[in-house]
Amino acid sequence: MSELTKPVDFRGGGFAPKRRRGMGLLVFVLLILLAEWGTRTGFISNLTLPRPSDVVLTFVELWDSGLLFKHLIPSLSRLAVGATIGASIGIAVGVMIGLFSYVRAGLVPLVAALFPIPKIALLPLFVIWFGIDEASKFALIAFGTFTPTVVATYAAVDNVDRSLIRMGQSFGLTWWSIVRKIVLPGAMPGILSGLRISLAIAIILLVAAEMLGAEYGIGAYILEAGSLYDLERLFAGVVILSVLGVGVSTVIGAIEARVLRWRV
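Reading the values: the criteria
- Residues numbered from 1 in each chain as written.
- Predicted model: local features only at pLDDT ≥ 70, side-chain atom pairs only at ≥ 80, totals over all residues.
- Heavy atoms only, no water.
- Helix = DSSP H or I, 4+ residues; strand = E, 2+ residues; numbered from the N terminus.
- Rg over C-alpha atoms; globule rule 2.2 N^0.38 Å.
- Buried < 20%, exposed > 50% of the residue type's maximum accessible area, 1.4 Å probe, protein only.
- Contact = heavy atoms within 4.5 Å.
- Axes fitted to C-alpha atoms, helices over the stretch in contact; angles between N-to-C directions.
- Parallel < 35°, antiparallel > 145°, perpendicular 65-115°, else oblique.
- 1 Å grid on protein atoms, 1.4 Å probe; cavity = no way out; pocket = protein on both sides within 12 Å on 5 of 7 lines; lining within 4 Å.
- Points joined across faces, edges and corners; volume = space filled by probe spheres on them.
- Nonpolar A, V, L, I, M, F, W, Y, C, P; charged D, E, K, R; others polar.
- Core = buried A, V, L, I, M, F, W, Y, C linked by side-chain atoms within 4.5 Å.
- Polar contact = N/O pair within 3.5 Å; in protein donor to acceptor, adjacent residues only side chain to side chain.
- Expected span 1.5 Å × (residues − 1).

Caption draft 1: Main features of the overall build of the chain. Each helix and strand in the chain was counted, giving ten helices and zero strands. Its helices and strands taken in sequence order, the chain reads α-α-α-α-α-α-α-α-α-α from the N to the C terminus. Here the C-alpha atoms of the chain give a radius of gyration of 24 Å, more than 25% beyond the 18 Å that 2.2 N^0.38 yields for 264 residues. Expressed along its principal axes, the backbone C-alpha trace of the chain runs to roughly 70 × 70 × 30 Å. Per-residue burial over the chain gives 36% buried out of 264 residues. Long-range contacts, defined as pairs at least 24 residues apart, comprise 71% of the intrachain contacts of the chain with a sequence gap of at least 6.

Written out as structure tokens, the structure reads:
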């Protein structure tokens, strides 16, 4: 093959990051090995950090006793219900703010007033309104998920390329077709990025809600372990929350890969 017909490497990816498989896992393994070495040699006090091997044994005990699922299933159900309600309403309200000027004028000041309020501070109020049972936990998680989702959604709608909208208008597309084929697909990356943040906040609020008036749940488990100064159980609960966060991020990533396949 001559120099003139030599194929040129594809350069359309821009600054798209390359996937480096295994690097994240390698970092976790190195940190765990460092902690194990430090606690065994005395470089790290066992009063401040338990041995990772002891935390693993705690997981085995939780699994064998059945307590792992007794705590995990209620937490997952609360997270699923509360986050689904908050995110669904948040996306709907955010899209309406982005599309309709009257809705924007009426709701943006309200959202701006609600957004900076620490949601954990509202937990006693939700308990008064909805009782100490599941309803108050659902309400806290939903409200905490709602406000960042609204902000991310209408910002994503605002950032859709206006030249694409004008092009759709010039081709005679209806308003609904422009929204469905241009605005929503263009806003989807921003909406999904906002969901990552919203769901992380939902996990934080889940723990706070379960620390008040819950018999079972990861938050209740962590509170009990902390009150007994049981570091192995405490760190086991923290690891469960970390794995839950990674799982949520993985699900959002899978949705991005499927929904945003049109991006190069």
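Moving on, there is more to tell.
Caption draft 2: Local environment of the packing of helix α2 (residues 52-65) against helix α3 (residues 67-99). The N-to-C vectors of α2 and α3 enclose an angle of 85°; their axes lie 5 Å apart at closest approach. Between α2 and α3, the interaxial angle falls into the category roughly perpendicular. In this structure, α2 uses Leu62, Trp63 and Ser65 to contact α3, whose residues at the interface are Leu67, Leu68 and Phe69.

Caption draft 3: Representation of the layout of surface pockets. The computed volume of the largest pocket comes to approximately 580 Å³. For the largest pocket, the lining is made up of 18 residues, of which Phe28, Ile32, Pro52, Val239 and Ser242 are closest to its centre. When residues of the lining of the largest pocket are traced back to their parent elements, those giving at least two are α1 (23-41), α2 and α10 (231-259). At six residues, α10 tops the list of elements feeding residues into the lining of the largest pocket. When the residues that make up the lining of the largest pocket are grouped by side-chain class, the tally is 15 nonpolar, two polar and one charged.

Caption draft 4: Fine view of the nonpolar core. One finds Leu79, Phe126, Leu140, Ile203, Ile218 and Leu241 to be the most contacted residues of the largest nonpolar core, which totals 34 residues. Of all the elements in the fold, those that place two or more residues in this core are α2, α3, α5 (123-130), α6 (134-158), α8 (175-210), α9 (218-227) and α10. No other element matches α8, which puts nine residues into this core. Counting residues in hydrophobic clusters, the runner-up holds nine residues, among them Ala156, Val157, Ile182 and Ala187.

Caption draft 5: Inspection of the environment of Ile204 at higher detail. You can see Ile204 is positioned in helix α8. It is 16 Å that separates the C-alpha atoms of Ile204 and Ala236, two residues lying 32 residues apart in sequence.

Caption draft 6: Expanded view of the side chain of Ser136. One can find Ser136 in helix α6. Residue Ser136 is classed as buried on the basis of its relative accessible area, which comes to 2%. Polar contacts involving the side chain of Ser136 include one to the main-chain carbonyl oxygen of Asp133, which spans 3.0 Å. Apart from the residues lying within four places of it in its own chain, the contact partners of Ser136 are Phe126, Val127, Phe130 and Gly131.

Caption draft 7: Structural view of α10. When the terminal C-alpha atoms of α10 are compared, their 42 Å separation across 29 residues agrees well with the 42 Å that a helix rising 1.5 Å per residue should span. Buried residues along α10 sit in contact with α2, α3, α8 and α9.

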